[in-house]
Amino acid sequence: MIDELLPDSVVAVESYGDDEADRAPLYPEEQEVVARAVDKRRREFAAVRACARRAMAKLGVAPVPVLPGERGAPRWPQGLIGSMTHCDGYRAAALARAADLASLGIDAEPHGPLPDGILPSVSLPAERKRLTLLGARRPAVHWDRLLYSAKESVYKAWFPLTGEWLDFEEADIEIEMAPGTASHGRFRAELLVPGPVVGGRRLGYFEGRWTVGQGLVATAVTVPHLASSPDG
């Protein structure tokens, strides 16, 4: 699912269900991170890192431990950028060379409604109005969950560029459906705080893509390198 949302410069690896990835070995440093975690957490931690190491191999990079850094963001080998996600029955990692992209973020969620009371805390009034209109057009899609996933992808792309927190209410996301279908489309996240500087230019928005299928909703944001503006 994730692969179809990303440009050719990104390598994505995913796994479903209870497969060998759930029992993938961890490096000692990684084992320490989850030594006291419950079994489900350890299995997810191992499985998504197995995906990441397979992606490294496809890029010709030797496998290394993937340890959580500040705010839990994964620390990638020099010269790589990436993002990981996991939910019940699914896990994925997407990696690219830092020379090819400035940043990226991916997220996957079960395709079901958000729990009661969550949407107001993760969305803006304008976003909720747009979700109502989308729901009237395509009620089979859980647009609230899609919005949440898009916000997660936006944050995962934002943090490596800024090292700062981004609240749910600091990005205004507008979701669009591809013509003739309600199973995939694009979204634009207007940043309501000063955006990161890429190539000497401050970004005012991120763009991403989404898809729904196989009981999941998946989103991805990629941030390209930008040439410096003529005035510096």
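Please refer to the structure placed before this passage.
In this report, we go over the structure that sits alongside the text. (Residues numbered from 1 in each chain as written. Predicted model: local features only at pLDDT ≥ 70, side-chain atom pairs only at ≥ 80, totals over all residues. Heavy atoms only, no water.)

1. Observations regarding the packing of helix H4 (residues 125-137) against helix H5 (residues 143-162)
Here is step 1 of the chain: Running from N to C, H4 and H5 point in directions that differ by 135 degrees, and their axes come no closer than 9 Å. The orientation of H4 with respect to H5, classified from their angle, is oblique. Pair H4 / H5 crosses with right-handed handedness. Across the interface between the two elements, Glu127, Leu131, Leu134 and Gly135 of H4 pack against Trp143, Asp144, Leu147 and Lys151 of H5.
Here is step 2 of the chain: In the contact of H4 with H5, the residues fall into four nonpolar, one polar and three charged. (Axes fitted to C-alpha atoms, helices over the stretch in contact; angles between N-to-C directions. Helix = DSSP H or I, 4+ residues; strand = E, 2+ residues; numbered from the N terminus. Parallel < 35°, antiparallel > 145°, perpendicular 65-115°, else oblique. Left-handed = near helix turned anticlockwise from the far one by under 90°. Contact = heavy atoms within 4.5 Å. Nonpolar A, V, L, I, M, F, W, Y, C, P; charged D, E, K, R; others polar.)

2. Digging into the layout of surface pockets
Here is step 1 of the chain: Size it by volume and the largest pocket reaches roughly 880 Å³.
Here is step 2 of the chain: In terms of lining residues, the largest pocket is bounded by 38 residues, among which Gly72, Ala73, Pro74, Met84 and Lys156 are the most central.
Here is step 3 of the chain: Of all the secondary structure elements, the ones that give two or more residues to the lining of the largest pocket are helix H2 (39-58), strand E2 (80-87), strand E4 (103-110) and H5.
Here is step 4 of the chain: A class-by-class count of the residues in the lining of the largest pocket yields 20 nonpolar, seven polar and 11 charged.
Here is step 5 of the chain: As for the second largest pocket, its lining consists of 23 residues, and the residues nearest its centre are Tyr205, Phe206, Glu207, Gly208 and Thr222. (1 Å grid on protein atoms, 1.4 Å probe; cavity = no way out; pocket = protein on both sides within 12 Å on 5 of 7 lines; lining within 4 Å. Points joined across faces, edges and corners; volume = space filled by probe spheres on them.)

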